[in-house]
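Residues per chain, in single letters:
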Amino acid sequence: MKTQLENTVFPLLPCQHKDWLIGLSGGVDSVVLLKLCAEFISLHESDISLYAVHLNHQTRGEDSDHDEMLCHDLCSHLGIELFSKSLNIPQFATGNKQNFEEAARETRHRLFLEAALQFELTSPALLLAHHQNDNIETILMRLLRGSSMRGLHGISYSSILPVYNHEQKLLVTIYRPLLHTPKRDILAYARENNLVWREDKSNYDTTYTRNLLRNIVLPALQVIDPEITTKLHKLAETAAQTESLIQAGISNIKYQPYRLRTTIDEKSARTAEFSVFCRLVEALCAKIIPNFLLPGNAYRSLKRLHTAAVAATDIARGLHIALYDGNFYIYQKDSRTAPINFQSYADNFHYEDSNMLITITKTSLNGTIPEPYDPFVEYIPATFTQAPLQLATVNLNTKITPIGIKGSQKLKRILQNYRVPPHLRTRIPVLLYDNTPLWIAGVILCEHAKLHNATGEVFCLRYSEKTL
């Protein structure tokens, strides 16, 4: 006969995946999750394969080693393979200029991916033991940071592991089957089943905000209202439902989160609800300035922008949004970038910075230039080999002759004609050969680089902007 906790958790297990990884710390939460998963597979005679992953943070001396030994014993008893690794997280954090929590999280993510590769899993589910109390603590922490509605939905039941193996095309999906389970139910299940676990004494160190909330603030709130956790959990569910509706609205808006061209399509933005438009603006701003939240006074100016009363407005913290040629552009008004001045021979040309990537490769054409026309991909004769090519940001008054146009024009005029927004005109580099312009990167070729014969070897120029 199944227990109440099994009735709650079993329907939330990701049975669509045939390989399960469990993050096993040795604490009661992950030990109970391991037991529940093993019980589910046994009861249902499932062909699901179960694996566990443990990271020894090396922060608590012998206690950390004892945690690892317990995980080995548990997995050995249940017949589960364990992937375990010891890493000095404090040293890793110092070397990467991160705080401990950031370093530990990043290391765990990479360890989960490493374990999936070690076990040769193709599309595994990663099960983590976050529970209802963890969710409440997260909501309280976000409230203290001044979070908007998008932060109040707390921890998501499922998400994608933010580490991706490009070579083997391996994605790991995270699931949290205990997310709706109160801590007291987890402890009760552990005791009823005589499970063995280890307590992390650092969880009681109230110098950490989460521990302070867990051990002092939340118990005090429960004295005031014994149902506070239930109420906060319902708030999180309501916020999640609201967020789902907003995200559905955002999906109807066309936008591009590129570093140089963070744009929102004017037509689809104006047909969307104003609240949806504001959420998208906030989300894109948060990619430029981490943890950005729209201040109250920004909504009035965005409302005027959304209703076409104005064509541009400041948002906050130096961010600006302006309408230009059918798109709203979001950018930092005071953003300063170093001038580009890069030289390399065409056969080995590769320029990359935080905003863009420009490469030149030798290829062959069979009489026609591939269609459709794309200003981000151009072809030039394979004759520019005697001297290095130079990629540089040049003065806007520089005279250039675009391909197919008689006479030269100032760079500023060309960029205006090709609808390059004003805030980008000083940031678009030009490719030169012996000081002669060949290509305004991503905009147009110059007459001197005109391809007269589309047969045989040519150079292919590629420009791409990086996403936020």
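A few points on the structure. Owing to the predicted nature of the structure, the values given are computational and were not obtained by experimental measurement. (Residues numbered from 1 in each chain as written. Predicted model: local features only at pLDDT ≥ 70, side-chain atom pairs only at ≥ 80, totals over all residues. Heavy atoms only, no water.)

The strand order β3-β2-β1-β4-β6-β5 describes an open sheet built from six strands, whose pairing is mixed. The sheet is open, and its two borders are formed by β3 (81–86) and β5 (158–160), each paired with just one other strand. Here the strands of the sheet are splayed against their neighbours by 25° on average, with no regard to which way each runs. Alignment of strand β2 (residues 49–56) against β3, held across six bridges, turns out to be parallel. Bridge pairing in β3 places Tyr 51 opposite Glu 81. Each of β2 and β3 is contacted by helix α3 (residues 62–78), which is oriented at about 170° to β2, the strand it contacts most. Against the sheet, helix α5 (residues 100–118) contacts β1 (19–23), β2, β3 and β4 (125–127), and its axis sits at roughly 140° relative to β2. (Pairing = 2+ DSSP bridges. Helix = DSSP H or I, 4+ residues; strand = E, 2+ residues; numbered from the N terminus. Axes fitted to C-alpha atoms, helices over the stretch in contact; angles between N-to-C directions. Contact = heavy atoms within 4.5 Å.)

Now for α5. Over its 19 residues, α5 runs 26 Å from end to end, which matches the ideal 27 Å to within 8%, given 1.5 Å per residue. The set of residues buried in α5 consists of Ala 103, Ala 104, Thr 107, His 109, Leu 111, Phe 112, Leu 113, Ala 115 and Ala 116. Buried positions along α5 lie against β1, β2, β3, α4 (89–95) and β4. At the C-terminal side of α5, Glu 120 shows a positive phi close to 60°. (Expected span 1.5 Å × (residues − 1). Buried < 20%, exposed > 50% of the residue type's maximum accessible area, 1.4 Å probe, protein only.)

In this model, the second largest pocket occupies a volume close to 430 Å³. Along the wall of the second largest pocket there are 18 residues; nearest its centre are Arg 259, Gln 332, Ser 335, Thr 337 and Arg 427. For the lining of the second largest pocket, the elements supplying multiple residues, two or more each, are α11 (274–288) and β11 (327–332). Looking at the lining of the second largest pocket residue by residue, the classes come out as five nonpolar, eight polar and five charged. (1 Å grid on protein atoms, 1.4 Å probe; cavity = no way out; pocket = protein on both sides within 12 Å on 5 of 7 lines; lining within 4 Å. Points joined across faces, edges and corners; volume = space filled by probe spheres on them. Nonpolar A, V, L, I, M, F, W, Y, C, P; charged D, E, K, R; others polar.)

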